Amino acid sequence: MRSPEAIVCAGLGRRFGERDALAGLDLAVQVGETVLVTGPNGAGKTTLLRILATVLRPSFGRVAVAGHELPARAADVRREVGYAGHDPLAYPDLTASENLELYAALYAVPEARVAEELDRVGLDGRRGDRAAELSRGMLQRLALARVGLHRPSIVLLDEPTAGLDADGRDVLRRFLAEPGRTVVVATHEPEWFGSLGGRVVAMTSGRLAA
Amino acid sequence: MSARALRALVRKDLLVELRGREVVPSMAVFVGAAFVLFRFGLGGTDLAGGTRAATGMLWVAIVFTALVGLSRSFAHEREGRTWDGLLAAPVDRALFWAARTCSTFLFLAAVQAVALPAFWLFFLQEHAGPSYPVLIAAVLLADVGIACLGSLLAGLASSLRAREVLLPALYLPFSIPLVLTAVRVTTDTIPPQTGGFDTLGRLGFLALYDTVFALLGWALFEYVVED
């Protein structure tokens, strides 16, 4: 039976050399819930999202995403998850459209969806521009378009408001408001997400703050 | 394996190279400079070791030229953090190795299309032309081996801090059997040499080398890129 929890972390840890970036984190996220992860720089927010996105392996503890244990079932998790990292993860020498076409092929979605997603994030007029020519805010929109390509049930966003102007924030707000999606956002601006009704959890030194 | 995903990854590498012009020009300049240095450093075309010495220089230059391209392979994506986007995608990670092997092969072949005629002009202009079918077979088989081995080791080295040192330290010893065989086959193609069945055996060895490193690359790359 599938877990009603979209994400479960129990005693989750990640070690880099001698330092524990995550030090026994316990967190459960319900299906359809929005969770805002806050905390100072170095608290472990990005490490947590990278583990949930299967980009990084945990060093210890248990983590399950969409009912699949990691790292054993990482391939199943990747189909369910859309991940936008702190960096836009776009190739600077490829156009906005070419960047999305690459990911459309990797996620095995129809190429027609590239135009749909560019239109949704307001980049339809810039589809032929190289990513290197796009502003930070436009790259964030491109990242949102990439995340939405395969219609993931779980979305992981790392500082998604960084560099976004008012229009870009509207795009992000509409994206997050789409129903039925579990969202985990690492942010320094939890108040901006307040209207979306997310649960705020604070991290410090690789754990949830008491 | 998804053919569409593989095509998209190779296309991405080719477009990035076409627009950034980072790898192929560096490789071409390197191999050209190596030929010039060999030519003048060793005192012209009349080499003491004859054609064997000349083909030895050719393959040493090619192996080091490939290293110039491989040193940027994967490291570029890790530094630009685009690697995370690929790792999060639901495809077998061996596909990243396969795509990089294809693009490395194409870059190497593009450089050789200019470098091989230049080499003949520099060192073997007094000899009759080579046996082209055998030469082309040897070059293609050796290039596949270099690309398979190099992409695997470049992926391994890219996650490590000392990758500039580690990549040559791993790649050069493993390429010795390939270089020795490629040198002998290439020498066999130049008249009056004829390798006969020995040449066929050597081509077979190159094909075996390619197969071994293709299987190793496919099987191990998943573990090589784990963070």
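Up top is the structure.
Small disclaimer: the values here were computed from a predicted structure and weren't measured. (Residues numbered from 1 in each chain as written. Chains lettered and ligands numbered in written order. Predicted model: local features only at pLDDT ≥ 70, side-chain atom pairs only at ≥ 80, totals over all residues. Heavy atoms only, no water.)

1. Considerations on the interface of chain B and chain A
Quick note on the threshold: In this analysis, two residues are considered to be in contact whenever any of their non-hydrogen atoms come within 4.5 Å of each other. Take the accessible area each of two parts loses on contact, using a 1.4 Å probe, and add the two losses: that sum is the buried area. Salt bridge, as used here, is a side-chain nitrogen of Lys or Arg placed within 4 Å of a carboxyl oxygen of Asp or Glu. What qualifies as a polar contact is a pair of N or O atoms within 3.5 Å, subject to a donor-acceptor requirement within protein and to the restriction that residues adjacent in sequence count only when both atoms come from side chains.
Contact residues are listed per partner, giving 24 residues for chain B and 31 residues for chain A. Carbon and sulfur atoms supply 56% of the area buried between chain B and chain A, which totals about 2600 Å² over both sides. The largest contributions to the chain B side of the interface with chain A come from Arg4(B), Arg19(B) and Pro90(B), which together make up 25% of the buried area. Where chain B touches chain A, the interface holds 4 salt bridges. With a shortest N-O distance of 2.5 Å, Glu98(A) and Arg19(B) are connected by a salt bridge. In this structure, the connection of chain B to chain A is made through 9 residue pairs in polar contact (both at pLDDT 80 or more).

2. A few points about a nonpolar patch on the surface
Defined as follows: Patch membership needs two things, relative accessible area over 30% and no salt bridge, and members are linked within 9 Å if like-charged or within 5 Å if nonpolar (Val, Leu, Ile, Met, Phe, Trp, Tyr). Accessibility throughout is a Shrake-Rupley quantity obtained with a 1.4 Å probe, and a residue counts as covered only by protein chains that appear here. A run of DSSP states H or I qualifies as a helix once it reaches four residues; a run of E qualifies as a strand once it reaches two. Both are numbered from the N-terminal end.
Nonpolar side chains collect at one region of the surface, where Phe205(B), Leu208(B), Val212(B), Leu216(B), Leu220(B) and Tyr223(B) lie side by side and expose about 560 Å² of accessible area between them. Mapped onto the elements of the fold, Phe205(B) is located in helix H9 (residues 197-224).

3. Things to note about the sheet that holds strand S5 (residues 68-70) of chain A
All names here are of chain A. How we decide: At least two bridges found by DSSP between two strands are what make those strands a pair. Helix axes are fitted to C-alpha atoms over the stretch in contact, other axes to C-alpha atoms as well, and angles between N-to-C directions run from 0 to 180 degrees.
What the 4 strands build is an open sheet, ordered S2-S1-S4-S5; its pairing is antiparallel. On the outer flanks of this sheet lie strand S2 (19-30) and S5, each paired with one strand and no other. Along the sheet, successive strands turn relative to each other by an average axial angle of 20 degrees, direction set aside. Helix-sheet contacts for helix H1 (residues 45-52) involve strand S1 (5-16), S2, strand S4 (60-65) and S5, and the interaxial angle to S1 is about 120 degrees.

4. Concerning the packing of aromatic side chains
Residue and element names in this part refer to chain B. What counts here: Within 6.5 Å between ring centres, the rings of Phe, Tyr and Trp (the latter by its six-membered ring) count as paired, and their orientation is classed by plane angle as stacked under 30 degrees, edge-to-face over 60, tilted in between. Type-normalised accessible area, obtained with a 1.4 Å probe on protein chains alone, sets the label of each residue: buried when under 20%, exposed when over 50%, and partly exposed for intermediate values.
As enumerated under the stated definition, the model contains 12 aromatic pairs over all chains in all. Ring plane angle 75 degrees and centroid distance 6.5 Å describe the contact between Trp97 and Trp218, whose orientation is recorded as edge-to-face. Taken together, the residues Trp97 in helix H6 (residues 94-123) and Trp218 in helix H9 connect sequence positions 121 residues apart. Classification of Trp218 as partly exposed rests on a relative accessible area of 33%. Look at Phe119 and Phe123: their rings are 5.4 Å apart centre to centre, the planes differ by 40 degrees, and that puts the pair in the tilted class. Highlighted residues: Phe119 and Phe123, both in helix H6, separated by 4 residues, approximately one helical turn.

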